[in-house]
Amino acid sequence: MPTLKQCRQIHWQPLLNLLEDQPFVESISRTDFRIKLKNNKPDIVLRGADDHGDSLRGLKLYWCGIDEFQDLSMIAWEEVLTPALADTNASSALLIGTPKGKAHPLYKFHLKAIDDNDWLYYHFISSDNPFIPRPFLRKAKETLPARVYRQEFEASFEDFEGQILSEFGDHHIVDNLPTTFVSTYLGIDWGDLNPAVCVVGLTQDKKYFIIDEWTNPNPSTPVVFDQLLEKAAYFCDRYNIYRCFADPSRPASILEFQRYGKNKKIPGLARTVAGFNRVKEGNQTVNNLFFQNRLFINSKLGSFADELRSYHRKTKDGEIIDEVAPGQEDHRTDSTRYVLATIEQRNNLLK
């Protein structure tokens, strides 16, 4: 898989369940993730293609199964794995992947595979799997934007739009906010020049409202940590914040927020935790909430609404790829994502 951690988490235990104590297994190494078979059969080895596949060099491959091929380094495939397979007579490979847009290397790779007689190409969609409940698929089609559903459930190679939050529209900007919320949360994005905080309210009917926000009004002047801390404490008091979700890249800052909240008896600040920070997945969660009409923003936050509208993907060689473009103003957007993605991910795990 793209990383050893992924490979270990997904495939190691099922292999142990299948092969442990079998009479044809000679030994199992839980440190090297290697299963040695008797009678000079090839070993079964779990590896990750970390560092462009450097850890894979030197292997003599009889068969290579690659999961999540779309996230594998093409250098690892072309310069390490392909030569290792070519060096073994009658070797073969099984590559399993999910489309990630037409600008992704997998798109051109699959076109070549279709035209190459040495390859067999199969295209399966989620409904082909008899173990996936049909109601789940119907629900996904109702709650996901059409492009996302086609990509994730029908394995379709889709063109990405430049706008990341493509489902955000004028009807999501509201003048009148609810008078009561089940809970209010604070999102925190660190930074010396452009830190940001965002207040999000959750209603009884599972809708989110972006109530308030703050970012550095003068980006040419750095914001000291204590200033950001005081601003967060102010919002916690004003909006009765239940919990803060922060950028997880600075654990020491999270601990400082927790200590400050405990010392000053500000419960919401004392409950500061690291937010969910898989960017692509988090952005998709936010966009899905707009699609489902479950996310709205206070009309008084006009500049923030403009930031959400302009939040866009990177362009490479004239094509849009599924990566956030660097250098854009997106700190308030990030702080909001920490709140929404973390709560929604937790809710999904509880279902």
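The coordinates are above.
This report concerns the structure included in the present document. (Residues numbered from 1 in each chain as written. Predicted model: local features only at pLDDT ≥ 70, side-chain atom pairs only at ≥ 80, totals over all residues. Heavy atoms only, no water.)

Here we take up helix α10 (residues 279-291). Over its 13 residues, α10 runs 18 Å from end to end, which matches the ideal 18 Å to within 8%, given 1.5 Å per residue. Along α10, the residues that are buried comprise Gly282, Asn283, Thr285, Val286, Asn287, Asn288, Leu289 and Phe290. (Helix = DSSP H or I, 4+ residues; strand = E, 2+ residues; numbered from the N terminus. Expected span 1.5 Å × (residues − 1). Buried < 20%, exposed > 50% of the residue type's maximum accessible area, 1.4 Å probe, protein only.)

This paragraph deals with the sheet that holds strand β11 (residues 273-274). Reading across the sheet, the seven strands line up as β6-β12-β9-β8-β7-β10-β11 and stay open at both edges, with mixed pairing between neighbours. The strands lining the two open edges of the sheet, one partner per strand, are β6 (173-174) and β11. When β6 meets strand β12 (residues 295-298), the two strands line up parallel, connected through two bridges. The residue bridging Ile173 from the neighbouring strand is Ile297, located in β12. Set on the sheet, helix α7 (residues 225-239) makes contact with β7 (183-189), β8 (196-202), β9 (208-215) and β10 (243-246); between it and β9 the angle comes to about 150°. Contacts between helix α11 (residues 302-310) and the sheet are confined to β6, β8, β9 and β12, with β9 contributing the most and set at about 105° to the helix. (Pairing = 2+ DSSP bridges. Contact = heavy atoms within 4.5 Å. Axes fitted to C-alpha atoms, helices over the stretch in contact; angles between N-to-C directions.)

Turning to its location among the elements, Thr215 is positioned in strand β9. In this structure the side chain of Thr215 is engaged in a polar contact, spanning 2.9 Å, whose partner is the backbone oxygen of Pro195. When neighbours within four sequence positions are excluded, Thr215 is seen to be in contact with Asn194, Pro195, Ala196, Glu329 and Arg332. (Polar contact = N/O pair within 3.5 Å; in protein donor to acceptor, adjacent residues only side chain to side chain.)

Here the focus is the pattern of salt bridges. All chains considered together, the criterion is met by 20 salt bridges. Of the charged contacts in the structure, one is a salt bridge between Arg150 and Glu158, with a shortest N-O distance of 2.9 Å. Residue classification places Arg150 among the partly exposed residues on the basis of a relative accessible area of 33%. Its relative accessible area of 10% is what places Glu158 among the buried residues. Between Asp306 and Arg309 there is a salt bridge whose closest N-O contact spans 3.4 Å. Highlighted residues: Asp306 and Arg309, both in helix α11, separated by three residues, approximately one helical turn. Exposure remark for Arg309: the relative accessible area of 32% places this residue in the partly exposed category. One network of salt bridges, in which partners are shared, links Asp32, Arg34, Lys36, Asp43 and Arg47. (Salt bridge = Lys/Arg side-chain N within 4 Å of Asp/Glu carboxyl O.)

With that settled, consider the pairing of β10. Burial along β10 is two-sided: Arg243 and Phe245 facing one way and Cys244 and Ala246 facing the other are all buried. As defined by bridge partners, β7 adjoins β10 across four bridges and the pair is classed as parallel. Paired with Leu186 across the bridge in β10 is Cys244. As paired elements, β10 and β11 share two bridges and run parallel to each other. Its bridge partner being in β11, Phe245 is matched across the sheet by Val273.

The next subject is the packing of α7 against helix α8 (residues 251-263). Between α7 and α8, whose axes approach to 11 Å, the crossing angle comes to 50°. By the angle between their axes, α7 is oblique relative to α8. The handedness of the crossing between α7 and α8 comes out as right-handed. In this structure, α7 contributes Phe225, Leu228, Leu229, Glu230, Ala232 and Ala233 to the contact, and α8 contributes Ser253, Glu256, Phe257 and Tyr260. (Parallel < 35°, antiparallel > 145°, perpendicular 65-115°, else oblique. Left-handed = near helix turned anticlockwise from the far one by under 90°.)

Among the secondary structure elements, Thr203 is positioned in the loop between β8 and β9. For Thr203, a relative accessible area of 9% gives the class buried. At a separation of 2.3 Å, a polar atom in the side chain of Thr203 contacts the side chain of Asp205. Excluding its chain neighbours within four sequence positions, the residues that come into contact with Thr203 are Pro178, Thr180, Phe181, Val182 and Phe209.

On to the environment of Phe109. When you line up the elements, Phe109 lands in helix α4 (residues 105-115). A residue is classified by how much of its surface remains accessible, and Phe109, at 18% relative accessible area, is buried. Spatially, the C-alpha atoms of Phe109 and Gln70 are 10.0 Å apart, while their sequence positions differ by 39 residues.

Turning to the nonpolar core, a few remarks are in order. The biggest cluster of nonpolar side chains holds 24 residues, and the ones touching the most others in it are Leu165, Tyr208, Ile210, Leu295, Ile297 and Leu308. The contacts of Ile297, once residues within four sequence positions are left out, are Phe168, His172, Ile173, Val174, Ile210, Phe304, Ala305 and Leu308. With 22 residues, the next largest nonpolar core counts Val197, Leu229, Ala233 and Ile254 among its residues. (Core = buried A, V, L, I, M, F, W, Y, C linked by side-chain atoms within 4.5 Å.)

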